[in-house]
Each structure stands twice: as C-alpha cells, then as structure tokens.
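# Geometric and topological summary
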Amino acid sequence: MSQAFVVLNAGSSSIKFALHEARAPFAAARRGLIEGIGTAPHLRLRDAAGDTVLERRWPAEGFDHARAMQETMALGPDILAGSALVAAGHRVVHGGLEFAGPVRVTPAILERLAALSPLAPLHQPHNLAPIRALAALTPELPQIACFDTGFHRSQAPVAQAFALPRRMSEAGIRRYGFHGLSYEFIATQLERLDPALAQGRVIVAHLGNGASLCAMRHGQSVASTMGFTAADGLMMGTRCGALDAGVLIHLMDTEGMDARALEALIYKESGLLGVSGISSDMRTLRASADPHAAEAVALFIYRIIREIGSLVAAMGGLDGLIFTAGIGENDAGTRAEVAAGCGWLGLTLDAARNAAGQQRISAEASRVSAWVVPTDEEGMIARHMAEILA
Ligand code: ADP
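Everything in this summary refers to the structure shown in the same document. All figures in this text were calculated on a predicted structure; none of them were measured in a lab. For every chain, the first residue of the written sequence is number 1, and numbering continues from 1 onward in sequence order. Whole-chain, interface and lining totals are the exception, using all residues; otherwise, since this is a predicted model, local features are given only for residues with pLDDT of at least 70 and side-chain atom pairs are given and counted only at 80 or more. Remark: hydrogens and water are excluded; side-chain values derive from all non-hydrogen atoms of the structure.

Let us now look at the sheet that holds strand β13 (residues 369-372). Backbone hydrogen bonds hold the strands of a sheet together, and the pairing may be parallel or antiparallel. The strand order across the open sheet formed by five strands is β11-β10-β9-β12-β13, and the pairing between neighbours is mixed. Looking at the sheet topology across the chains shown, the edges are occupied by β11 (220-224) and β13. In this sheet, adjacent strand axes meet at a mean angle of 25° when their direction is disregarded. Sheet analysis places strand β9 (residues 201-207) next to strand β12 (residues 320-324), joined by five bridges and oriented parallel. Of the residues in β12, the one forming a bridge with Ala205 is Phe323. For this analysis, residues touch if any pair of their heavy atoms sits within 4.5 Å. For helices, the fitted axis covers only the stretch in contact; all axes are lines through C-alpha atoms, and the angles between them, taken along N-to-C directions, range from 0 to 180 degrees. Helical segments are the DSSP runs of H or I of at least four residues, strand segments are the runs of E of at least two, and each set is numbered from the N terminus. Packing of helix α12 (residues 291-315) onto the sheet brings it into contact with β9, β10 (211-217), β11 and β12, and relative to β10 it is tilted by some 20°. We treat two strands as partners when DSSP finds at least two bridges between them.

Next comes the structure, spelled out in structure tokens:
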C-alpha cells in the first residue's frame, strides 16, 4: 500500500482506528482499538486477516483521553505499516441541522462543530479532540468529519419534531437520530445484496452496546428510535432508552437528583446492566442462570418488538429486517426472539440459517425477508473520504 487514510472513532471509553488504502478504501488493512480508558486501558492492533500484530496494556491511573490520543499518535508507524498518510477521517456524533453530509474540516468548521457540544456533551468533545491534535501536528493534512446524525436529515419534519412549544424546536430541541454511519453502510450493502429490497421498506436493527432502529425507504432514513440524544428508544447495555419524562421529575422531587445524577442513571446505570444487576454484556447475561439476567434480556427483546411496530406504522409496512452490530450480528437468540414477535408482519425465520448466522436468515416462504449484515462505520467514513478527496 502506498497512500492510506486513517479513520478515527473516538468514543467515551475507547478509541477505534482503521487504516484504509486510499485508492480502494473498502476493506481495512489494519484495525486498532484502545478500550478501557479510565478502567483497564488495553490496545489491540490487528492486520487485515484479523491477526493481532500489537497488544499493550497500561495502568488505569492517569490514563485519560488525552493520554490515549498521545499513545495513538505514537503508534503512527505501527498503524501506517510503511504507507504514507494522505488524510484522516473522523466519526463525529453531532452535525446538528447544518451538516447533513461529510465535510472537510477547516478551523472555522471545527469551531462550528465545537459549538454543537452542548447537544452531545459526553461524545462531541472526545470526537473533536483527535481533529485538533492532528491539526496541531500536521496542519496540511486533510481531515474529513462524518456525522452520526447526517443520515437522518432525510426524515420528514413530523418525524423530527417533539410536541414542545415552538420556540424550543427552533432552538434545536428536536429528534436528530444517531448511528447514521452504520445505517448508511447497511444501505450501501443492501443495494448489492438485494437491490429491490434496498428500494423497499426496511428496518435496520443496530444492536450493540448502544442500540437503535432505523426505518428506511429507498435507502433513506424515514424514522429512527434515537432522538435528541442517544439515550432515547431501545433499551441498551447501560442506557434505559425511552422513559416517561415524569419519572425524571419524580426522581428530582423525591430523591433530590440533579442533572448529573439523572445523566448517570439513564446513560450508565440502566439498561441490561441496571435491570439484571449483573452485566451490560449480552454474552454474560446469556450465560447466567440468574433469573434477573433473563428478565433483562426479555425486556430488551420486548422493547425492540414494540419499537418495530411503531416504525412499521410510520413507514406503512415492512419488506425486510436487518440485524447488525455486536448483538445483532452474533446473538442468534435475540434474532429468533425478535422475529417471533414479528410473525404478524409476515416474517418467519429459517432456524438453521439463523443459528448458523448466514446472511439471509428468513425462510423461503417468508413475505418479509430477514438478514444479518455486519456493519462497518470506519469503512463508511473511508468511502466518504475517497469521494470528498477525489
Ligand atoms: P459498541 O456499541 O460498543 O460498538 P458492539 O457492537 O461491539 O458494541 O456490541 C457489543 C455487544 O455485543 C455486547 O452486548 C456483547 O455481549 C454483544 N456480543 C458480541 N459478541 C457476541 C456473541 N458472540 N454473542 C452474543 N452477544 C455478543
């Protein structure tokens, strides 16, 4: 490889990075992950075949985001593996209403992106930190920002609105939707897998630590379960998802909880972790004999089925259901249980294909088709970079 893109996806407790060939940005030549920032920092760098080429651990103390970025920069030669860096791409959670598609970052655009931080205080500053660090180090290097919200700007105004006083909507309190890079990647894959379905009515279930659904028609977002923040919609690893706003007022009144305490409750202490009292990790819950683990999984599935019903109504029907991300790609039980709740829509799984995790998992006679499609947010960013720089 001679010329390469680096893609950075800096989250709240991890930094993911990938190396893509500039001329053929489809598959990553290297992938790396620093996870456990704040708990047990650990780096793993893999080659294109998935084999580990470098692994490192650090003591948790003092290992914050800035340090993780320093370590990522220091790994430059290991990541680049002899190729020349021609551009960096970044996953940025919030593009507001202004940024519906990827942009080349200038100092002025960086300031506009920083101004969106109050809309995503837990993520946006982490996403922007590597852009600033690289700009300081190599000011000439083209940097491209790709947004999690961008894909959803195709939604009708009614799908983006809350029933709040107009001045609040005008101040930006509205549904933005997230996981957009994942949904966009799935839409591009679907065009290849089943072009007719790609034009139809599709629900994509992105089920990872964060989880959401997106209703798509003609490959465009029609509605999604995440709203103003990534805390809305489905139950997740540690987030509760949709919650009666009255519960928050009640907790403020009766337990004296303030904004920070409520933030910790709905983002970090709820979901699979909060309901099970055991873990946020689906594998751990599936392996547990504790009835609270089974209750947490049952609620996770129930919420998905209910929200699918809501999106089907918003879209006026359903032709296909796609599962993706850690749980969607790997947990056959989740797929089987969700599909069982969608029988009334005309969906029947082929049990053997589902258990084997094949690409198409619906039965031949099923009116609605079901699929497992691995997502690749970094790959989507690399494609956008190639388009913008061409
Ligand atoms: P993130 O949102 O952090 O990118 P992932 O997409 O990696 O998360 O999804 C993490 C979730 O996927 C965890 O709940 C994990 O237990 C689950 N998962 C990963 N592999 C499997 C598996 N083989 N079986 C069941 N669940 C799995």
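Whether a residue is near a molecule or strand depends on its heavy atoms: it is near if one of them lies within 4 Å of it. Near the ligand there are 13 residues, and of these Asn209, Asp281, Met282, Arg283 and Gly326 occur at the shortest range. Here a polar contact means two N or O atoms within 3.5 Å. Within protein one must be a hydrogen donor candidate and the other an acceptor candidate, and residues neighboring in sequence count only if both atoms are side-chain atoms. Contact distances for the ligand include 2.9 Å between an oxygen atom and a side-chain N or O atom of Asn209. Met282 has a polar backbone atom sitting 3.0 Å from an oxygen atom of the ligand. In isolation the ligand offers 580 Å² of accessible surface; the protein chains occlude 70% of this area. Contributions of two or more residues to the shell around the ligand are made by α11 (282-287) and α13 (325-330). Broken down by element, the shell around the ligand gets its largest block of residues, four residues, from α13. Only the protein chains shown count as cover for residues, and the accessible areas themselves come from Shrake-Rupley with a 1.4 Å probe.

Here we take up the environment of Gly316. In this structure, Gly316 sits in the loop between α12 and β12. Between the C-alpha atom of Gly316 and that of Arg201, which follows or precedes it by 115 residues, the distance is 8.2 Å.

Moving on to the packing of aromatic side chains. Any two of the Phe, Tyr and Trp rings considered here, Trp counted by its six-membered ring, make a pair once their centres fall within 6.5 Å; the pair's planes then place it as stacked at under 30 degrees, edge-to-face at over 60, or tilted in between. Within the structure shown, the criterion is met by three aromatic pairs. Here the aromatic rings of Phe99 and Phe147 are separated by 5.4 Å at their centres, their planes lie at 25°, and the arrangement is stacked. Residue Phe99 is found in the loop between β6 (84-92) and β7 (103-104), and its partner Phe147 is found in strand β8 (residues 143-147); the two are separated by 48 residues along the sequence. With respect to class, Phe99 is no different from Phe147; both count as buried. A simple rule labels every residue: compare its accessible area, found with a 1.4 Å probe on the protein chains alone, to the largest value its type can have, and call it buried under 20%, exposed over 50%, or partly exposed in between.

Attention shifts here to the packing of α12 against helix α14 (residues 332-340). Two numbers describe how α12 lies on α14: the axes approach to 9 Å, and their chain directions differ by 45°. The orientation of α12 relative to α14 falls into the category oblique. Relative to α14, α12 is oriented so that their crossing is right-handed. For the pair formed by α12 and α14, the contact residues are Val297, Phe300, Ile301, Ile304, Ile305 and Ile308 on the first element and Thr334, Glu337 and Val338 on the second. Should an angle lie under 35 degrees it is considered roughly parallel, over 145 roughly antiparallel, and from 65 to 115 roughly perpendicular; all remaining angles are considered oblique. With the far helix as reference, a near helix turned anticlockwise by less than a right angle produces a left-handed crossing, and one turned clockwise produces a right-handed crossing.

This part is about the environment of Phe63. Take Phe63: it is sitting in the loop between β5 (52-57) and α1 (65-74). As a C-alpha pair, Phe63 and Gly36 span 27 residues in sequence and 9.5 Å in three-dimensional space. Filtering out sequence-adjacent residues up to four positions away, Phe63 remains in contact with Ile34, Ile37, Gly38, Pro41, Trp58, Ala68 and Glu71.

Here the focus is the side chain of His42. Among the structural elements, His42 can be located in strand β4 (residues 42-47). For His42, a relative accessible area of 10% gives the class buried.

Attention now moves to helix α8 (residues 245-255). Between the side-chain oxygen at the start of α8 and the backbone nitrogen of Gly246 there is a gap of 2.7 Å, and the oxygen is on Asp244. Gly256 sits one or two residues past α8 and shows a positive phi near 60°.

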